[in-house]
Amino acid sequence: MVEPKRKVVIAGNWKMNKTIEEAKTLIKEFSIMIKDAPNPVYLAVPFTAIYALSLQSPSPQIVIGAQNMSDAPEGALTGEISGRMLVEAGARFVLLGHSERRHLFGESSQLVNRKVKRALQEGVEPLLCIGETIEQRNANQTEKVLREHLTQSLEGITSDQLQKIIIAYEPVWAIGTGKNATPEQAQEMLAFCRKLISEKWGAQTAAKITLLYGGSVTPENACTLMEQTDIDGLLIGGASLKADSFARIVNDQKLCTTKRKP
Ligand code: PGA
């Protein structure tokens, strides 16, 4: 049996779904189903639900987080949320550079980089998302885009700091489309990311960092993705909005990771 050497994380991203009451109901139902989960389950919930869910603290395995935060510590920035506010509300991690932030809200890798640094400073674990569009893939630019996203979003980050960051490869064409990357495509790109990390931050750091795949993950395809050598977990949107589908993915993971190729 080959045990994964790195921290395995299954993460849910609720996006702009679930009121506080709906969130409380879902997490209650979900925690009962995953009480034997072998690894932490990260949930990136709407800002409004963070405090209520961290107070409810339904399962020690569930780690509550946010979907975005400001790069500034505080100030006249109407509508923004600071890292300190997130920590006080109970968020322990934050998604940064999600493709919806990059493409719908125009976030650059430079801004994402400032957010990553701020999150580390405030003690919130960054979960950095990177990934190419379909046009970029068709133009054979996937590696170029991943290199840019990684190096620019992590500019100035030390090896020690990088070990406190989780990275998710989420091809934009796979997000919310029902068209997931094949396990081979996901493995190829995550192996490429690990190689880049090794070149810039050293082999030891690359061997330790947790890399996730995201994009149309379902209970049906989760296991074959988790079997891949460089996939240490999953970032799940749509399928995390229903307790039973998300719980199936969380509960199946033990079985899947034991099938990993060494
Ligand atoms: P999806 O979303 O699982 O619905 O494709 C993934 C994500 O946006 O993180």
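The structure displayed is predicted, hence computed values, not measured ones. (Residues numbered from 1 in each chain as written. Predicted model: local features only at pLDDT ≥ 70, side-chain atom pairs only at ≥ 80, totals over all residues. Heavy atoms only, no water.)

Quick look at the side chain of Arg102
Relative to the helices and strands, Arg102 resides in helix α4 (residues 99-104). Residue contacts for Arg102: discarding those within four places in its chain leaves Gly97, Glu107, Ser109, Val112, Leu128, Cys129, Ile130, His149 and Ser153. (Helix = DSSP H or I, 4+ residues; strand = E, 2+ residues; numbered from the N terminus. Contact = heavy atoms within 4.5 Å.)

A look at the site of the ligand
Close to the ligand lie 13 residues; Lys15, His98, Glu170, Gly176 and Ser216 are nearest. Taking Ser216, its main chain carries an N or O atom lying 2.7 Å from an oxygen atom of the ligand. A distance of 2.8 Å separates an oxygen atom of the ligand from a polar atom in the backbone of Gly237. When the ligand sits alone it has 280 Å² of accessible area, and the protein chains cover 95% of it. (Near = heavy atom within 4 Å. Polar contact = N/O pair within 3.5 Å; in protein donor to acceptor, adjacent residues only side chain to side chain. Areas by Shrake-Rupley, 256 points an atom, 1.4 Å probe, with all protein chains shown as cover.)

Let's talk about helix α1 (residues 20-33)
Compared with an ideal rise of 1.5 Å per residue, which puts 14 residues at 20 Å, α1 spans 20 Å between its outermost C-alpha atoms and is within 8% of the ideal. Looking only at α1, the buried set comprises Ala23, Leu26, Ile27, Phe30 and Ser31. Down the axis of α1, the buried set is contained in an arc of 125 degrees. They therefore lie on one face. More than 90 degrees from the buried face of α1, the exposed residues found are Glu21, Thr25, Lys28 and Ile32. (Expected span 1.5 Å × (residues − 1). Buried < 20%, exposed > 50% of the residue type's maximum accessible area, 1.4 Å probe, protein only. Arc of directions from axis to C-beta.)

Observations regarding the packing of aromatic side chains
Counted according to the given criterion, the structure contains three aromatic pairs. Residues Tyr42 and Phe93 carry aromatic rings whose centres are separated by 4.7 Å and whose planes lie at 50 degrees to one another, so their mutual orientation is tilted. Taken together, the residues span a long stretch of sequence, with Tyr42 in strand β2 (residues 41-44) and Phe93 in strand β4 (residues 93-96) at a distance of 51 residues. For the residue pair Tyr42 and Phe93, the accessibility class agrees, reading buried in each case. In this structure, Arg101 packs its charged tip against the face of Phe105, placed 4.1 Å from the ring centre. Here Lys200 stacks its cationic end above the ring of Trp201, 5.3 Å away from the centre of that ring. (Phe/Tyr/Trp six-rings, centres within 6.5 Å; stacked < 30°, edge-to-face > 60°. Lys NZ or Arg CZ within 6 Å of the ring centre and 35° of its normal.)

Details of the pairing of β4
Burial along β4 is two-sided: the residues Phe93 and Leu95 and Val94 and Leu96 are all buried. Pairing geometry for strand β3 (residues 62-66) and β4, over two bridges, is parallel. Bridging across to β4, Ala66 finds its partner in Val94. As a crossover connection, the stretch from β3 through helix α3 (residues 83-89) into β4 is right-handed. (Pairing = 2+ DSSP bridges. Right-handed = clockwise from strand over helix to strand, strands pointing away.)

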